[in-house]
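# Geometric and topological summary
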Amino acid sequence: MQNVGKICCANNGGFVMKFRVKWDGGESGWTDTYPIGQTKCLDLSNFNIPDGAECWPEVHAELGKSKECSDKVAYQTGSGDVATYKVSGTTLDIHCHLEGS
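Computed from a predicted model, the values in this text were never measured in an experiment.

When you go through the chain residue by residue, the secondary structure sums to zero helices and 10 strands. Listing every helix and strand of the chain by position from the N terminus yields β-β-β-β-β-β-β-β-β-β. For a compact globule of 101 residues, the expected C-alpha radius of gyration is about 13 Å, and the chain comes in at 13 Å, within 12% of that figure. Projected onto its principal axes, the C-alpha coordinates of the chain cover approximately 35 × 25 × 20 Å. For the chain, the share of sequence-separated contacts (at least 6 apart) that also reach a separation of at least 24 residues comes to 61%. Put simply, the chain has 9 plus and 13 minus side-chain charges, and the middle of one group is 5 Å from the middle of the other.

Here it is, written out as structure tokens:
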């Protein structure tokens, strides 16, 4: 499992989206919404995530559904590594996968 300090979501879907990061026992707030072709990131050190906790994004398509990404990463304090998830599909059929997995 990849150890990271940030999670990013690249919007390759046919919708405006936002995302948040989830872990056992918690979740971040949502990012601002952003259109296709853009990427947003969340710095995991801004949340009270325990070291080594499994984290994953939940994506929400505006005027559509939400989906939790099944690929997980581990939070590591001080890590400069970034996990980037590619988001695609439609408002009612969202696909999300970790790049390189």
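As enumerated under the stated definition, the model contains one aromatic pair in all. When the centroid spacing of 6.2 Å and the interplanar angle of 35 degrees are considered together, the rings of W23 and F47 count as tilted. Linking W23 in strand 3 (residues 17–23) with F47 in the loop between strand 5 (39–43) and strand 6 (54–61), this pair joins segments that are 24 residues apart in sequence. A relative accessible area of 23% places F47 in the partly exposed class. The ring of W30 has K18 sitting right over it, with the charged end atom 5.2 Å from the ring centre. Positioned above the aromatic ring of W56 is the side chain of K72, whose terminal nitrogen or guanidinium carbon lies 4.3 Å from the ring centre.

Here we take up the nonpolar core. With 25 residues, the main nonpolar core has I7, F19, C55, V59 and Y85 as its most contacted residues. At the level of secondary structure, the elements contributing two or more residues to this core comprise strand 2 (6–11), strand 3, strand 6, strand 8 (73–75), strand 9 (82–90) and strand 10 (93–98). In terms of residue count, strand 3 provides more of this core than any other element does, four residues in total.

The next thing to look at is the pairing of strand 2. Among the six residues of strand 2, five are classified as buried, and the element is accordingly described as predominantly covered. In this structure, strand 2 lies alongside strand 5, joined through five bridges in antiparallel fashion. Paired with A10 across the bridge in strand 5 is T39. Note: strand 2 against strand 9, six bridges, orientation parallel. The residue of strand 9 that forms the bridge with K6 is V82.

Summarising the element assignment, S79 is placed in the loop between strand 8 and strand 9. In terms of polar contacts, S79 uses its side chain to reach the backbone amide nitrogen of D81, at 3.1 Å. Setting aside residues up to four positions removed in sequence, S79 forms contacts with N3, V4 and G5.

Moving on, we get to the side chain of K22. Position of K22 relative to the elements: it lies in strand 3. If we ignore the near neighbours within four places in the chain, the residues touching K22 are E27, E54, C55, W56, E58 and E68.

Definitions and limits used
- Residues numbered from 1 in each chain as written.
- Predicted model: local features only at pLDDT ≥ 70, side-chain atom pairs only at ≥ 80, totals over all residues.
- Heavy atoms only, no water.
- Helix = DSSP H or I, 4+ residues; strand = E, 2+ residues; numbered from the N terminus.
- Rg over C-alpha atoms; globule rule 2.2 N^0.38 Å.
- Contact = heavy atoms within 4.5 Å.
- Lys, Arg positive; Asp, Glu negative; His and termini not counted.
- Charge placed at Lys NZ, Arg CZ, Asp CG, Glu CD.
- Phe/Tyr/Trp six-rings, centres within 6.5 Å; stacked < 30°, edge-to-face > 60°.
- Buried < 20%, exposed > 50% of the residue type's maximum accessible area, 1.4 Å probe, protein only.
- Lys NZ or Arg CZ within 6 Å of the ring centre and 35° of its normal.
- Core = buried A, V, L, I, M, F, W, Y, C linked by side-chain atoms within 4.5 Å.
- Pairing = 2+ DSSP bridges.
- Polar contact = N/O pair within 3.5 Å; in protein donor to acceptor, adjacent residues only side chain to side chain.

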